[in-house]
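Coordinates in review
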Amino acid sequence: MKERVTRLVAHLPEKELDAILISSPNNRRYLSGFTGSAGYLFITPQRQVLFTDSRYTEQAGNESPQFEVIRTEPGLGWLTDALKDTGVRRVGFESDVMTVASYNRLLDAIKEEEGLGGTSLIATFGITDELRAFKDQDELAQLQKAIDASDRAMETVCPAIQAGMTEREVAWRMEAAMREFGADNISFGTIVAAGPNGAMAHHRADDTVIRAGEPIVIDMGARVNGYCSDITRTVVVGEPDEMFHKIYNIVLGAQLAAINTVRPGLTGEECDALSRDIIADAGYGDNFGHSLGHGVGLAVHESPRVGPRAENVLRPNMVFTIEPGIYLSGWGGVRIEDIVILGEDGATALSKAGK
Ligand code: ZN
Ligand code: ZN
């Protein structure tokens with residue numbers, strides 16, 4: 001945690017910031033270890049303060065020993081006091097997280113407080129999120145537990161799916177299995193999309209009855225100690241049709257091509273093209289509407305971006321999904337998704353469930 005704060009502090013001079021106020025729950029957890037649902041981090045090169053209310057002060061002390069824990073009271077006096085104590089002038093805030101209402105409240109409190117005339121709030125964007133794109137050993141260990149839970153659920157439940165079950169029943173069996181295999185929770189609403197429902201990339205499991213021969217797209221994830229997994233498999237009960245063989249092989253080929261050839265130094269857009277070009281060459285470019293992948297960690301979607309127009313450069317120790325798909329209205333869809341980690345020489349899949 002200490003190293004994470006050090007890396008964040010190293011970015012403050014770029015924006016000429018004296019301090020930064022962290023309000024994103026995932027960034028708060030990443031930097032401090034604090035898992036409570038309310039609180040702010042106030043970080044300067046000299047001081048690291050965790051502000052939280054009486055429900056959480058004891059927990060915060062236990063989880064974030066390197067932070068000075070200060071109990072908040074109604075109003076914003078706790079913050080204006082800290083601003084005065086530290087003498088900071090340019091204070092960054094997370095512009096993609098703080099609401100306009102909170103920002104205005106903060107601005108008013110600073111204006112009304114004597115002695116804070118020189119203090120200004122500076123919008124920042126994605127500083128901690130970019131740090132989070134690189135996973136350290138502790139994060140990788142937690143992530144692997146989440147991945148293992150969803151892999152094992154996929155491998156256990158898929159063979160038990162039968163015609164006549166509803167999507168909802170399959171989703172529940174998957175969720176129960178993930179919990180049995182160590183998940184604290186699920187990382188997002190489980191997608192089970194049978195037959196034509198699979199043409200909608202994010203169809204949620206409903207009462208649709210599964211029929212033999214139709215593709216079933218199952219996209220799900222487990223959460224362990226805050227870290228999310230995300231895996232998709234497409235399966236068929238009984239005998240698939242000709243179309244399925246054809247589409248499945250294109251998607252699998254496109255997925256393996258990206259996993260096997262992505263290298264550090266490619267942009268997210270270039271990585272996306274490794275799969276997209278294969279699907280387009282096969283004649284289905286218009287049927288692959290979403291990005292190839294996304295970073296995954298404390299959030300199920302985070303940096304880096306892996307898709308058309310994603311200019312970020314992929315680097316070693318970044319973790320992201322590779323999930324090409326083809327969606328055909330009236331027939332269904334095929335999507336295959338794995339989480340990979342990028343090393344110096346290429347990517348390694350962290351999920352192992354059979355395809
Ligand atoms: Zn997914
Ligand atoms: Zn995904």
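This structure is a prediction, so every number in the text was calculated from the model and none was measured.

Examining the packing of helix H9 (residues 242–261) against helix H10 (residues 268–281)
Their axes nearest at 8 Å, the elements H9 and H10 cross at an angle of 150°. By the angle between their directions, the pair H9 and H10 is classed as roughly antiparallel. Handedness of the crossing formed by H9 with H10: right-handed. Contacts between H9 and H10 pair Ile 250, Gly 253, Ala 254, Gln 255, Ala 257, Ala 258 and Thr 261 from the former with Leu 274, Ser 275, Ile 278 and Ile 279 from the latter. The residue inventory of the contact of H9 with H10, partitioned by class, reads 7 nonpolar, 4 polar and no charged.

Description of helix H5 (residues 100–112)
The end-to-end C-alpha distance of H5, which contains 13 residues, comes to 18 Å, matching closely the 18 Å that a straight helix rising 1.5 Å per residue would cover. Looking at the buried residues of H5, the elements they touch are strand E1 (19–22), helix H4 (77–86) and strand E6 (120–124).

A look at the coordination of the zinc ion (ligand 1)
Each protein donor to the zinc ion (ligand 1) is listed here as Asp 219 (OD), Asp 219 (OD), Asp 230 (OD) and Glu 337 (OE); together their distances run 2.0 to 2.6 Å. Angles of 55 to 148° at the metal separate the 4 donor atoms of the zinc ion (ligand 1), which places the site in the irregular class. Here the donor residues for the zinc ion (ligand 1) map to a single chain with the spacing D-x10-D-x106-E. The metal-metal distance between the zinc ion (ligand 1) and the zinc ion (ligand 2) is 3.1 Å, with Asp 230 serving as a donor to both. Here Glu 337 lies in the loop between strand E17 (332–335) and strand E18 (338–342) and Asp 230 lies in the loop between strand E11 (227–228) and strand E12 (231–236), a separation of 107 residues in the sequence.

Points about the nonpolar core
Counting 33 residues, the largest nonpolar core has Leu 8, Ile 20, Ile 22, Leu 31, Leu 41, Ile 43 and Val 319 as the members making the most contacts within it. Those elements that place two or more of their residues in this core are helix H1 (2–10), E1, helix H2 (25–32), strand E2 (40–43), helix H6 (127–132), helix H7 (137–157), E11 and E18. Residue contributions to this core reach at least three from each of two domains, namely domain 1 (2–131) and domain 2 (137–349).

Here's the deal with the coordination of the zinc ion (ligand 2)
Coordination of the zinc ion (ligand 2) by the protein involves Asp 230 (OD), His 294 (NE2), Glu 323 (OE) and Glu 337 (OE), with metal-donor separations of 2.0 to 2.1 Å. One way to put it: the 4 donor atoms around the zinc ion (ligand 2) meet at angles of 78 to 155°, and that makes the site irregular. Sequence spacing of the donors to the zinc ion (ligand 2): D-x63-H-x28-E-x13-E.

Quick word on the pairing of E1
What you see with E1 is no split at all: Ala 19 and Leu 21 on one side and Ile 20 and Ile 22 on the other are buried throughout. Taken together, the 3 bridges between E1 and strand E5 (residues 90–94) define a ladder with parallel strand orientation. Looking across to E5, one finds that Ala 19 is bridged to Val 91. Note: E1 against E2, 3 bridges, orientation antiparallel. Pairing of Ile 22 across the sheet is with Leu 41, part of E2.

Regarding the domain arrangement of the chain
The domains assigned to the chain are domain 1 (2–131) and domain 2 (137–349). Counting residues at the interface gives 5 residues for domain 1 and 8 residues for domain 2. For the pairing of domain 1 and domain 2, the buried interface totals around 510 Å² over both sides, and the portion due to carbon and sulfur atoms is 48%. Three residues, Arg 4, Asn 26 and Arg 29, lead the burial of domain 1 against domain 2; their summed loss comes to 68% of the area buried on that side. At the boundary of domain 1 with domain 2, the tally comes to 0 salt bridges.

Some points on helix H8 (residues 167–180)
When the terminal C-alpha atoms of H8 are compared, their 20 Å separation across 14 residues agrees well with the 20 Å that a helix rising 1.5 Å per residue should span. Of all the positions in H8, only Glu 167, Val 170, Ala 171, Met 174, Glu 175, Ala 177 and Met 178 are classed as buried. Axial view of H8: buried residues confined to an arc of 165°, hence all on one face. Residues of H8 that are exposed and point more than 90 degrees away from the buried face comprise Trp 172 and Glu 180. The inward-facing, buried residues of H8 contact H7, strand E7 (185–186), strand E8 (191–194), strand E9 (215–220) and strand E10 (222–224).

Focus on the pairing of E17
Burial along E17 is two-sided: the face carrying Gly 332 and Val 334 and the face carrying Gly 333 and Arg 335 are both buried. Pairing between strand E16 (residues 325–328) and E17: 4 bridges, direction antiparallel. Opposite Ile 326, over in E17, you have Val 334 as the bridge partner.

Quick look at unusual backbone geometry
Cis peptide bonds are those with omega within 30 degrees of zero, and the linkage from Ser 303 to Pro 304 qualifies with 0°. Mapped onto the fold, Pro 304 is located in strand E14 (residues 302–306). One non-glycine residue, Glu 16, lies in the positive phi region at around 55°. Among the structural elements, Glu 16 can be located in the loop between H1 and E1.

Comments concerning the sheet that holds E11
Paired through backbone hydrogen bonds, the strands of a sheet run either parallel or antiparallel to each other. Read from one edge of the open sheet, 3 strands run E7-E10-E11, paired in antiparallel fashion. Of all strands in the sheet, those with a lone pairing partner are E7 and E11, marking the two edges. Bridging between E7 and E10 involves 2 bridges; their strand directions are antiparallel. Residue pairing for E10: Ile 186 is matched across the bridge by Ala 222.

What counts and what doesn't
Residues numbered from 1 in each chain as written. Chains lettered and ligands numbered in written order. Predicted model: local features only at pLDDT ≥ 70, side-chain atom pairs only at ≥ 80, totals over all residues. Heavy atoms only, no water. Axes fitted to C-alpha atoms, helices over the stretch in contact; angles between N-to-C directions. Helix = DSSP H or I, 4+ residues; strand = E, 2+ residues; numbered from the N terminus. Parallel < 35°, antiparallel > 145°, perpendicular 65-115°, else oblique. Left-handed = near helix turned anticlockwise from the far one by under 90°. Contact = heavy atoms within 4.5 Å. Nonpolar A, V, L, I, M, F, W, Y, C, P; charged D, E, K, R; others polar. Expected span 1.5 Å × (residues − 1). Donors = N, O, S within 2.8 Å, 3.2 Å for Na, K, Ca; no water. Tetrahedral: all angles 85-135°; square planar, octahedral: opposite > 155°, others 65-115°. Core = buried A, V, L, I, M, F, W, Y, C linked by side-chain atoms within 4.5 Å. Buried < 20%, exposed > 50% of the residue type's maximum accessible area, 1.4 Å probe, protein only. Domains from an automatic or database assignment. Pairing = 2+ DSSP bridges. Buried area = accessible area lost by both parts, 1.4 Å probe. Salt bridge = Lys/Arg side-chain N within 4 Å of Asp/Glu carboxyl O. Arc of directions from axis to C-beta.

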